[in-house]
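# Topology and contacts: notes
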Amino acid sequence: SQPDGVQFSRPDGTRAWIGLRLPEAWQRDRVDHLRTLSAADIALLRGLKTERWTASCQRAAKWLDWARLHLSLGQTASTGQEGLPALDRRLRSMEVNRLTSLRGLSRLEALVSLEVFPEKEFDAGALERMARLRRFIFYGRRLVGVQTLGKLPELEILRLDPWETP
C-alpha cells in the first residue's frame, strides 16, 4: 500500500490504480490522481477514500463501477464539514464518517455493507428499504429507530459501538 492507494500490474507491464486515497486539503504535496485518470482507469477502481466529495470525484462519478466500489467518505479525526453527496443508487459498500448530514442515504437501496460514524445521532429508519444490507456497523453516541434493524432480511453482521465524539 502506498500513501495514495494501491496499484496493480497489468499483463503489458503498465500499472493501474485499484484503490485510491485522495489527499486531504492540508496535504499540498500529494497529487489527486483521480483528476488524471481516464474513464477506463476510473472504471477499474474498487476502493475510493476521500474526506470530501471533490470536483474530481464529481467528474469521475459517471465512470465509477458503483456496484463494485467501496466508498469511504469523511473523516474521524474532526468534525465533518459536508453532508452526504448525491451518490449512484448502485453503490454496494460504503463507510461514512462524521458528515454533517446523511440525507439521501435511504436512496442507496443496493447497499450490502454500511459503516456509519455520524456527527450526532443516527436514525436507523434510513435503512428501511435496504433489503440487501448484510453488514451494518455503527460507531456513535445515539442510535434511534433500532427496530428497523430487526426487519432487514439479509442482515448478518451487526456491530453497535458506542463512541463519544469530542
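So, how was this worked out
- Residues numbered from 1 in each chain as written.
- Predicted model: local features only at pLDDT ≥ 70, side-chain atom pairs only at ≥ 80, totals over all residues.
- Heavy atoms only, no water.
- Salt bridge = Lys/Arg side-chain N within 4 Å of Asp/Glu carboxyl O.
- Helix = DSSP H or I, 4+ residues; strand = E, 2+ residues; numbered from the N terminus.
- Buried < 20%, exposed > 50% of the residue type's maximum accessible area, 1.4 Å probe, protein only.
- Phe/Tyr/Trp six-rings, centres within 6.5 Å; stacked < 30°, edge-to-face > 60°.

## Observations regarding the pattern of salt bridges
The full count for this structure, using the stated rule, is ten salt bridges. Among the salt bridges present, the one from Asp-41 reaches Arg-10, with a minimum N-O distance of 2.4 Å. Remark: Arg-10 occurs in the loop between β1 (5-9) and β2 (15-21) and Asp-41 occurs in helix α1 (residues 39-44); sequence separation between them is 31 residues. The class for Arg-10 is partly exposed, based on a relative accessible area of 26%. A salt bridge links Glu-121 to Arg-142; the shortest N-O distance between them is 2.3 Å.

## A few points about unusual backbone geometry
A positive phi angle is found at Arg-98, which is not glycine, with a value near 50°. Examined against the element boundaries, Arg-98 turns out to sit in the loop between β5 (93-97) and β6 (113-117).

## Let's talk about the packing of aromatic side chains
Tallying each qualifying case throughout the model produces three aromatic pairs. On the basis of an interplanar angle of 35° and a centroid distance of 6.3 Å, the ring pair of Trp-53 and Trp-66 is categorised as tilted. Here Trp-66 lies in the loop between α2 (55-60) and β4 (70-74) and Trp-53 lies in the loop between β3 (47-50) and α2, a separation of 13 residues in the sequence. Look at Trp-53 and you get buried, because its relative accessible area is 13%. For Trp-66, a relative accessible area of 2% corresponds to the buried category. Taken together, Phe-122, Phe-136 and Phe-138 form an aromatic cluster joined through their ring pairs.

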